[in-house]
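Single-letter residue listing:
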Amino acid sequence: MKKKSLPILYSFRRCPFAMRARMAIFNSGIKCTLREVSLKSKPSVMLELSPKGTVPIIQLCNGQVLEESLEIMDWALSQSDPGKWLAPEFGTLDQMRDLVDWIDDSFKYDLDRYKYSTRFENVDPIFHRNKAEKHLIALNEKIGAKKNLFGNRVSLADIAIFPFVRQLANTDRIWFSGLEIRSLSEWLQRHLGSDLFLGIMRKVPIWQTASDDHPFP
């Protein structure tokens, strides 16, 4: 009997974009083949699928290749959305997407120039940290007395955004813990300790050949 093929997900464990894609797939219950790649030595088979060489990338069973994390999230949630991530308690799907786009664009710009300042010319990392802090304050106000960004229930926005807040917080934990953003800090800790996040962060060996394929989730 011929073995049923599965979508192939190329990922990097610590990449925020890859994290949110894995969480959507995990939540949907879709079975995939996981290939953990080294960003310093990207496999040629991955580059043939997507020459830009960023993760996550997923090759579907019909051969279609999805190259953007939000595209992968949408695909997974269109198959199954048991937590109703696409239907927030408050607000609309479009409002969630607008918030995610704002984080991906403006916040990520400052995050990169703070965390990886040596990669850019004439960059003041503290200037960009201060700009990123304003985003944190806005997210903190957005959560307010709720548990999540668009209600008490988890939504697409929470899953898409929290890996980047995590990345900023981990850059300087002492600085982050001194900020007056209690709602956001508690939100971050809940997501970090969730079964969902812990489930997608298991370590697997770097992929080199098909023998290094791993089932996911």
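So, here's what we can say about the structure. Quick caveat, the model's predicted, so the values are computed rather than measured.

### Describing the packing of helix α4 (residues 93-115) against helix α6 (residues 156-171)
Geometry of a packed helix pair, given as the angle between the helix axes and the separation of the axes.
For step 1, the next point in the chain: Where α4 meets α6, the closest approach of the two axes is 9 Å, and the angle between their N-to-C directions is 15 degrees. In terms of axis orientation, α4 runs roughly parallel to α6. Regarding α4 and α6, the two cross each other, and that crossing is left-handed. Only Leu156, Ala157, Ala160, Ile161, Phe164, Val165, Gln167, Leu168 and Thr171 of α6 make contact with α4, whose side of the interface consists of Leu93, Met96, Arg97, Leu99, Val100, Ile103, Asp104, Phe107, Lys108, Leu111, Tyr114 and Lys115.
For step 2, the next point in the chain: Of the residues belonging to the contact of α4 with α6, the class tally is 15 nonpolar, two polar and four charged.

### Concerning the environment of Thr171
For step 1, the next point in the chain: When you line up the elements, Thr171 lands in helix α6.
For step 2, the next point in the chain: In this structure, the C-alpha to C-alpha distance between Thr171 and Met23, residues 148 residues apart in sequence, is 22 Å.
For step 3, the next point in the chain: Setting aside residues up to four positions removed in sequence, Thr171 forms contacts with Tyr114 and Lys115.
For step 4, the next point in the chain: There is a polar contact of 2.9 Å between the side chain of Thr171 and the backbone oxygen of Gln167.

### Observations concerning the pairing of strand β2 (residues 32-36)
For step 1, the next point in the chain: Burial runs high along β2: five of the five residues are buried.
For step 2, the next point in the chain: Every second residue of β2 is oriented toward a common face, with Cys32, Leu34 and Glu36 on one face and Thr33 and Arg35 on the other, all of them buried.
For step 3, the next point in the chain: Of the pairings in the sheet, the one linking strand β1 (residues 8-11) to β2 comprises four bridges and is parallel in character. Within β2, the residue paired with Tyr10 across the bridge is Arg35.
For step 4, the next point in the chain: Remark: the β1/helix α1 (residues 16-28)/β2 crossover connection has right-handed handedness.
For step 5, the next point in the chain: Sheet topology note: the β2/strand β5 (residues 214-216) ladder contains three bridges and is antiparallel. Looking at β5, one finds that Leu34 is bridged to His214.

Parameters and conventions
- Residues numbered from 1 in each chain as written.
- Predicted model: local features only at pLDDT ≥ 70, side-chain atom pairs only at ≥ 80, totals over all residues.
- Heavy atoms only, no water.
- Axes fitted to C-alpha atoms, helices over the stretch in contact; angles between N-to-C directions.
- Helix = DSSP H or I, 4+ residues; strand = E, 2+ residues; numbered from the N terminus.
- Parallel < 35°, antiparallel > 145°, perpendicular 65-115°, else oblique.
- Left-handed = near helix turned anticlockwise from the far one by under 90°.
- Contact = heavy atoms within 4.5 Å.
- Nonpolar A, V, L, I, M, F, W, Y, C, P; charged D, E, K, R; others polar.
- Polar contact = N/O pair within 3.5 Å; in protein donor to acceptor, adjacent residues only side chain to side chain.
- Buried < 20%, exposed > 50% of the residue type's maximum accessible area, 1.4 Å probe, protein only.
- Pairing = 2+ DSSP bridges.
- Right-handed = clockwise from strand over helix to strand, strands pointing away.

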